[in-house]
Amino acid sequence: GSKGDYASAIEWRQKALNLQWENKPTPWSDIVQTHSSIGRYYRKMGLFDSCYTYFSQALHYGRQQLSPTDPALLEVINSLGIYYYLLGSCDTALIYYQEVLTGWMATQGPNDPKVANVYNNMGICFGLQGNYERSLECYNSALNIRWEYYGDCHPSVAASFLNLGVNHHEMADY
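Residues numbered from 1 in each chain as written. Predicted model: local features only at pLDDT ≥ 70, side-chain atom pairs only at ≥ 80, totals over all residues. Heavy atoms only, no water.

K.L.:
It is not clear to me how the packing of helix H3 (residues 48-65) against helix H4 (residues 71-86) should be interpreted in this structure. Could you clarify?
P.N.:
Packed helices, taken two at a time, are described by their axes: the angle between them and the distance between them. At a minimum axis distance of 9 Å, the contact between H3 and H4 shows a crossing angle of 150°. Between H3 and H4, the interaxial angle falls into the category roughly antiparallel. Note on packing geometry: the crossing formed by H3 with H4 is left-handed. Here Phe48, Cys51, Tyr52, Phe55, Ala58, Leu59, Gly62 and Arg63 of H3 come into contact with H4, specifically with Leu73, Val76, Ile77, Ser79, Leu80, Tyr83, Tyr84 and Leu86. Grouping the amino acids of the contact of H3 with H4 by side-chain chemistry returns 13 nonpolar, two polar and one charged. (Axes fitted to C-alpha atoms, helices over the stretch in contact; angles between N-to-C directions. Helix = DSSP H or I, 4+ residues; strand = E, 2+ residues; numbered from the N terminus. Parallel < 35°, antiparallel > 145°, perpendicular 65-115°, else oblique. Left-handed = near helix turned anticlockwise from the far one by under 90°. Contact = heavy atoms within 4.5 Å. Nonpolar A, V, L, I, M, F, W, Y, C, P; charged D, E, K, R; others polar.)

Structure below.
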């Protein structure tokens, strides 16, 4: 298939998932990751009902079988935050983002790019809600982490500058 052939990707991931279930004891983190990846493909296709089904299954198994800071579970929680953001439900997205932020900070430390990405996503949601001060705090946190981690010539740093500029514009701070 061609790049972006999500239907084929789902088909192959579903075959993998079936084998994972048949061949227990497959690690639960693998089962959670496979459910989550199928959900992400459905999200990319705009099939949000199917996306939610797989994310909710991944979350269910993850919360049952994995530690609260397991990377597979944290990725599912982050994906649910993105899911709710895309549906325009920033309040719910922020609940998931806060949980994943706490988890990544505990496992990766406060200066990891994963932490910066969550701050960035939170900044987007706060901005959409008109809470520009909180948005600004989140974008500044993301920028500081990215700058320290990547240096000043990285696309993630540029994205942080762009988000800060948009936020200041929305605040009419120009």
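Once the structure has been displayed, the description carries forward.
K.L.:
Help me out: how do you make sense of the packing of aromatic side chains in this one?
P.N.:
Between two aromatic rings, the relevant description is the distance of the centres plus the angle of the planes. Going through the model one piece at a time under the given rule, you end up with eleven aromatic pairs. Look at Trp21 and Trp28: their rings are 5.5 Å apart centre to centre, the planes differ by 80°, and that puts the pair in the edge-to-face class. When the ring of Tyr83 is compared with that of Tyr84, the centres are 5.0 Å apart and the planes differ by 85°; the resulting orientation is edge-to-face. For Tyr83, a relative accessible area of 7% corresponds to the buried category. (Phe/Tyr/Trp six-rings, centres within 6.5 Å; stacked < 30°, edge-to-face > 60°. Buried < 20%, exposed > 50% of the residue type's maximum accessible area, 1.4 Å probe, protein only.)

K.L.:
Would you explain the side chain of Asn120 in this entry?
P.N.:
Looking at where Asn120 falls in the secondary structure, it is placed in helix H6 (residues 113-128). The class of Asn120 is buried, set by a relative accessible area of 10%. Discounting residues that sit within four places of it in the chain, Asn120 has contacts with Tyr139, Ala142, Arg146 and Asn163.

K.L.:
Before we go on, may I ask you to explain the environment of Trp12 in this structure?
P.N.:
Tracing the backbone shows Trp12 in helix H1 (residues 6-22). Expressed as a C-alpha distance, the spacing of Trp12 and Asn120, which sit 108 residues apart in the sequence, is 32 Å.

K.L.:
Looking at this structure, how should I read the nonpolar core?
P.N.:
Where a protein is soluble and globular, its nonpolar side chains tend to be buried together. Judged by nonpolar contacts, the single largest core of 41 residues is most densely connected at Leu80 and Met122. Elements that contribute at least two residues to this core include exactly H1, helix H2 (28-44), H3, H4, helix H5 (90-108), H6 and helix H7 (132-150). In this view, Leu80 contacts Tyr52, Phe55, Leu59 and Tyr96; residues no more than four positions away in its chain are not counted. In terms of nonpolar packing, the next biggest core, distinct from the first, is built from five residues, Tyr139, Leu143, Val157 and Leu164 among them. (Core = buried A, V, L, I, M, F, W, Y, C linked by side-chain atoms within 4.5 Å.)

K.L.:
Would you explain helix H8 (residues 155-170) in this entry?
P.N.:
Given 3.6 residues per helical turn, the α-helix brings residues three or four places apart onto the same face. For H8, with 16 residues, the first-to-last C-alpha span of 22 Å sits near the 22 Å given by 1.5 Å per residue. Considered for burial, the residues of H8 that qualify are Ser156, Val157, Ser160, Asn163, Leu164 and Asn167. Each buried residue of H8 sits inside an arc of 120° when the element is viewed along its axis, so together they form one side. When the buried face of H8 is taken as reference, the exposed residues oriented beyond 90 degrees from it are Pro155 and Leu162. Following H8 by one or two positions, Ala172 adopts a phi angle in the positive range, close to 60°. (Expected span 1.5 Å × (residues − 1). Arc of directions from axis to C-beta.)

K.L.:
Before we go on, may I ask you to explain the pattern of salt bridges in this structure?
P.N.:
A side chain of one charge can pair with a side chain of the opposite charge if their charged atoms are brought near each other. If you walk through the whole model with that rule in mind, you get three salt bridges. A salt bridge links Glu11 to Lys15, with the shortest nitrogen-to-oxygen separation between them at 3.6 Å. Taken together, the positions of Glu11 and Lys15, both in helix H1 and four residues apart, correspond to about one turn of that helix. The exposure class assigned to Glu11 is partly exposed, which follows from its relative accessible area of 43%. Among the residues examined, Lys15 registers a relative accessible area of 38% and is labelled partly exposed. Salt-bridge contacts for Arg63 lead to Glu99; the nearest nitrogen and oxygen are separated by 2.7 Å. Separated by 36 residues along the polypeptide, Arg63 in helix H3 and Glu99 in helix H5 bring together distant segments of the chain. Since its relative accessible area comes to 42%, Arg63 is described here as partly exposed. (Salt bridge = Lys/Arg side-chain N within 4 Å of Asp/Glu carboxyl O.)

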